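Structural overview
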Amino acid sequence: FIDMDIRTVDSGNGKTMRCKVANSLFPKDSTDKSGSGIGTVNLQKRLDIIYPGKYTYDVTIEDGRYSVVLEIPLQTL
């Protein structure tokens, strides 16, 4: 499965773009050679360059679910 929710929310300091994405967790085993696993690292590097200190990015792995929440204040967009 994959669930996506993108919306603007009132954060108390103005409007914030909140992007929540969750999907089924399929951990790789040592024989799985698909992909290089650098997507999340590259995303964080780009966020640091474009929105230094102005975003939150949280990853949770729980109950067979991989979830990410990204928040960026709209005044920085």
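Okay, so let's go over this structure. In this text the structure is predicted, and so the values were computed from the model without any measurement.

Right, let's talk about a nonpolar patch on the surface for a bit. A cluster of nonpolar side chains, contributed by I2, M4 and I6, occupies part of the molecular surface with about 350 Å² of accessible area. Locating M4 in the fold gives a position in strand 1 (residues 2–10). Classification of M4 as exposed rests on a relative accessible area of 58%.

Here we take up the environment of D63. Turning to its location among the elements, D63 is positioned in the loop between strand 3 (56–62) and strand 4 (65–73). D63 gets classed as exposed once you look at its relative accessible area, which sits at 78%. Between the C-alpha atom of D63 and that of K15, which follows or precedes it by 48 residues, the distance is 31 Å.

What follows covers the pattern of salt bridges. Taken as a whole, this structure holds 3 salt bridges when the rule is applied. Of the charged contacts, one joins R7 and D5 as a salt bridge, the two residues approaching to 3.0 Å between their closest N and O atoms. Given the relative accessible area of 47%, R7 is considered partly exposed. R18 serves as the salt-bridge partner of E71, at 2.5 Å between the closest nitrogen and oxygen. Within this pair, whereas E71 is found in strand 4, its partner R18 is found in strand 2 (residues 15–24), the two being separated by 53 residues in sequence. Residue class for R18 comes out partly exposed when judged on its relative accessible area of 25%.

Tracing the backbone through its elements, the reader meets T16 in strand 2. Those residues within four positions of T16 in sequence are excluded, and the remaining contacts are R7, T8, V9, S11, E71, I72, P73 and L74.

Residue placement: L47 occurs in helix 1 (residues 39–50). Given the relative accessible area of 6%, L47 is considered buried. Taking the C-alpha atoms as reference points, L47 and L70, separated by 23 residues in sequence, lie 10.0 Å from one another. L47 has contacts with P52, Y55, Y57, L70 and I72, leaving out every residue within four places of it along the chain.

A few words on the sheet that holds strand 4. One open sheet accounts for 4 strands, arranged 1-2-4-3; its pairing is antiparallel. Edge positions in the sheet fall to strand 1 and strand 3, since each has one partner strand and no second. Strand after strand, the sheet turns through a mean of 15 degrees between neighbouring axes, direction not considered. Taken together, the 7 bridges between strand 3 and strand 4 define a ladder with antiparallel strand orientation. Looking across to strand 4, one finds that T60 is bridged to S67.

What counts and how
- Residues numbered from 1 in each chain as written.
- Predicted model: local features only at pLDDT ≥ 70, side-chain atom pairs only at ≥ 80, totals over all residues.
- Heavy atoms only, no water.
- Patch = residues over 30% accessible without salt bridge, like charges linked within 9 Å, V, L, I, M, F, W, Y side chains within 5 Å.
- Areas by Shrake-Rupley, 256 points an atom, 1.4 Å probe, with all protein chains shown as cover.
- Salt bridge = Lys/Arg side-chain N within 4 Å of Asp/Glu carboxyl O.
- Helix = DSSP H or I, 4+ residues; strand = E, 2+ residues; numbered from the N terminus.
- Buried < 20%, exposed > 50% of the residue type's maximum accessible area, 1.4 Å probe, protein only.
- Contact = heavy atoms within 4.5 Å.
- Pairing = 2+ DSSP bridges.
- Axes fitted to C-alpha atoms, helices over the stretch in contact; angles between N-to-C directions.

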